[in-house]
Amino acid sequence: MAKKVLVLGEVRDGVLRNVSFEAIAAAKQIADGGEIVGALIGNNVSQLASSLVEYGADRVVVVEHPNLASYTSDGFSQAFMAINEEVKPEAIVFGHTSLGKDLSPKLASKLQSGLISDVTVIEGNGDDALFVRPIYSGKAFEKVKTKEGIVFVTIRPNNIAPLERNTSRTGDVVSISVDIQNLRTIIKEVVRKAATGVDLSEAKVVVAGGRGVKSAEGFEPLRELANLLGGAVGASRGACDADYCDYSLQIGQTGKVVTPDLYIAAGISGAIQHLAGMSNSKVIVAINKDPEANIFKVADYGIVGDLFEVVPLLIEEFKALKV
Ligand code: FAD
């Protein structure tokens, strides 16, 4: 049966995050010919509605309010519940981002629905859809099917390809007015710790360093390689604990989960907690001077050597290729 699916367009720094378009592609599979409705929440965000339509939404419902300028779970849940009331969807799709992870359980509880989180693949369409999600830190996968009620899903960034953008698509954009009040949290100021650049959780290339990088300065060649490949820098907890870089770069069980096309691990031993955050990357290249390092068990390509020799050689080669 065709379903009406509501998709959250997630906005960061005034732009839609790519996972929003991936969520629309996921919604198409769930909708099975039904309507896709985009939800936009924030302050001054309505101009982004056309992008959701170009990537496949049939229409967009917007809630704008000064109290939504920064994310709070109280404010965004009030806004989303109003959109939900307007649209009455049979399914909801969010990105499995920090925002999605915070907001979706709260909404699922309000809607008395289940929640299938961190989905990496959807097999089949509509009522027959099977949602595949990693469990036990990525060591196994489970396939989940819904029986009844609202199908509420969060999708892991970088796993479901967005539909091709079609700039000639058109769709209605409706704004609804909601008085966002009674916030228990007021964001006064946002102070950024991490350097700007490619978002680590959405990057197609990640160059990650571990304790083998030996110092904060040791991360410089990794940064250069990441910039050259249009990617982001990540780190093991070992490197963060040693103060070589900020914890916002940590990848793993207690850090970010990434699924880039290319993951380069330099000076990382491959502890199970690190693998939990990167082992689903499409191609893994490991650079380690210990041939017995655990990281080589998950690597597609292994380079046994000193990263301070290997990384500059890679930089030289990629520069020569003019990537
Ligand atoms: P090490 O294990 O010290 O490895 C350094 C590697 O660098 C070695 O393999 C060495 O051979 C290599 N090396 C050294 N010099 C060079 C060189 N010049 N060239 C090439 N290679 C070199 N870890 C995470 O990463 N993410 C998590 O989210 C995380 N969560 C955790 C949660 C819990 C509850 C616990 C208990 C641990 C967690 N850890 C996590 C920590 C994890 O167990 C490891 O301690 C950590 O990943 C080790 O980091 P590392 O690989 O950088 O350091």
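Residues numbered from 1 in each chain as written. Predicted model: local features only at pLDDT ≥ 70, side-chain atom pairs only at ≥ 80, totals over all residues. Heavy atoms only, no water.

Where a protein is soluble and globular, its nonpolar side chains tend to be buried together. The biggest cluster of nonpolar side chains holds 34 residues, and the ones touching the most others in it are Val5, Leu40, Val93, Phe131 and Ile155. Broken down by secondary-structure element, the contributors of at least two residues to this core are strand 1 (5-9), helix 1 (18-31), strand 4 (36-42), helix 2 (49-54), strand 5 (59-64), strand 6 (91-95), strand 7 (116-119) and strand 11 (151-155). Sorting elements by how many residues they give to this core places helix 1 first, with nine residues. When residues no more than four places from it in sequence are discounted, the contact partners of leucine 40 are Gly9, Val11, Leu16, Val45, Leu48, Ala49, Leu52, Val60, Val61, Val62, Val63 and Ile83. (Core = buried A, V, L, I, M, F, W, Y, C linked by side-chain atoms within 4.5 Å. Buried < 20%, exposed > 50% of the residue type's maximum accessible area, 1.4 Å probe, protein only. Helix = DSSP H or I, 4+ residues; strand = E, 2+ residues; numbered from the N terminus. Contact = heavy atoms within 4.5 Å.)

We now examine helix 5 (residues 220-228). For helix 5, the set of buried residues is Leu222, Leu225 and Ala226. Taken around the axis of helix 5, the buried residues stretch over an arc of 100°, which confines them to a single face. Following helix 5 by one or two positions, glycine 230 adopts a phi angle in the positive range, close to 70°. (Arc of directions from axis to C-beta.)

Attention shifts here to the environment of glycine 197. Within the secondary structure layout, glycine 197 lies in the loop between strand 12 (172-175) and strand 13 (205-209). As for glycine 197 and glycine 230, which are separated by 33 residues in sequence, their C-alpha atoms are 9.2 Å apart.

Turning our attention to the sheet that holds strand 17 (residues 301-304). Taken in spatial order, the five strands of this open sheet run 14-13-15-16-17, and their pairing is parallel. In this open sheet, the two strands that pair with only one neighbour each are strand 14 (232-235) and strand 17. Strand-to-strand, the axes of this sheet are offset by a mean angle of 20°, without reference to chain direction. Pairing between strand 16 (residues 283-288) and strand 17: four bridges, direction parallel. Bridging across to strand 17, isoleucine 287 finds its partner in isoleucine 303. This element, helix 5, spans strand 13, strand 14 and strand 15 (262-266) of the sheet and lies at about 175° to strand 13. Of the strands in this sheet, strand 15, strand 16 and strand 17 touch helix 8 (residues 307-321), which is tilted by about 135° from strand 16. (Pairing = 2+ DSSP bridges. Axes fitted to C-alpha atoms, helices over the stretch in contact; angles between N-to-C directions.)

Turning our attention to the side chain of asparagine 158. Considering the arrangement of structural elements, one finds asparagine 158 in the loop between strand 11 and strand 12. Owing to a relative accessible area of 6%, asparagine 158 belongs among the buried residues under this scheme. A polar contact is formed between the side chain of asparagine 158 and the backbone oxygen of alanine 203, at a distance of 3.0 Å. Side chain to side chain, asparagine 158 and lysine 204 meet in a polar contact 2.9 Å long. Those residues within four positions of asparagine 158 in sequence are excluded, and the remaining contacts are Glu22, Ser201, Glu202, Ala203, Lys204, Thr259, Pro260 and Lys282. (Polar contact = N/O pair within 3.5 Å; in protein donor to acceptor, adjacent residues only side chain to side chain.)

The next subject is the pairing of strand 9 (residues 130-135). Working note: regular strand, side chains alternate between the two faces of the sheet. The buried fraction of strand 9 amounts to five of the six residues, a majority that puts the element mostly inside the structure. With three bridges connecting them, strand 8 (residues 121-123) and strand 9 associate as antiparallel partners. When the bridges of strand 9 are listed, glutamate 123 appears paired with leucine 130. Relative to strand 10 (residues 140-144), strand 9 is paired through five bridges, and the arrangement is antiparallel. Across the sheet, residue isoleucine 135 finds its bridge partner in strand 10, namely alanine 140. The turn linking strand 9 back onto strand 10 is made up of four residues, and tyrosine 136 within it adopts a positive phi angle of 50°.

Among the 26 residues in the neighbourhood of the ligand, the closest are listed as Arg211, Ser236, Thr254, Ser269 and Asn288. Arginine 211 places a polar main-chain atom, nitrogen or oxygen, 2.7 Å from an oxygen atom of the ligand. Asparagine 288 places a polar side-chain atom, nitrogen or oxygen, 2.7 Å from an oxygen atom of the ligand. The protein chains hide 77% of the 990 Å² of surface that the ligand would expose on its own. In this structure the site holding the ligand corresponds to the second largest pocket. A breakdown of the residues in the shell around the ligand according to their chemical character gives five nonpolar, 15 polar and six charged. (Near = heavy atom within 4 Å. Areas by Shrake-Rupley, 256 points an atom, 1.4 Å probe, with all protein chains shown as cover. 1 Å grid on protein atoms, 1.4 Å probe; cavity = no way out; pocket = protein on both sides within 12 Å on 5 of 7 lines; lining within 4 Å. Sits in = over half its atoms within 2 Å of the grid points. Nonpolar A, V, L, I, M, F, W, Y, C, P; charged D, E, K, R; others polar.)

A word on the pattern of salt bridges. Considering all chains together, one arrives at 18 salt bridges under this definition. In this structure, glutamate 35 and arginine 59 form a salt bridge, with 2.7 Å as the shortest nitrogen-oxygen distance. With glutamate 35 in the loop between helix 1 and strand 4 and arginine 59 in strand 5, the pair connects residues that are 24 residues apart, well separated along the chain. Assessed through its relative accessible area of 26%, glutamate 35 is described here as partly exposed. For arginine 59, a relative accessible area of 19% gives the class buried. (Salt bridge = Lys/Arg side-chain N within 4 Å of Asp/Glu carboxyl O.)

Turning our attention to the sheet that holds strand 7. Read from one edge of the open sheet, seven strands run 7-11-6-1-4-5-12, paired in parallel fashion. Pairing within the sheet leaves two strands with one partner each, and these edge strands are strand 7 and strand 12. On average, each strand axis in the sheet is inclined to that of its neighbour by 25°, with strand direction left out of account. Relative to strand 11, strand 6 runs parallel, the two being bridged by five bridges. Residue pairing for strand 11: alanine 91 is matched across the bridge by valine 151. Against the sheet, helix 3 (residues 73-87) touches strand 1, strand 4, strand 5 and strand 6, its axis set at about 150° to strand 4.

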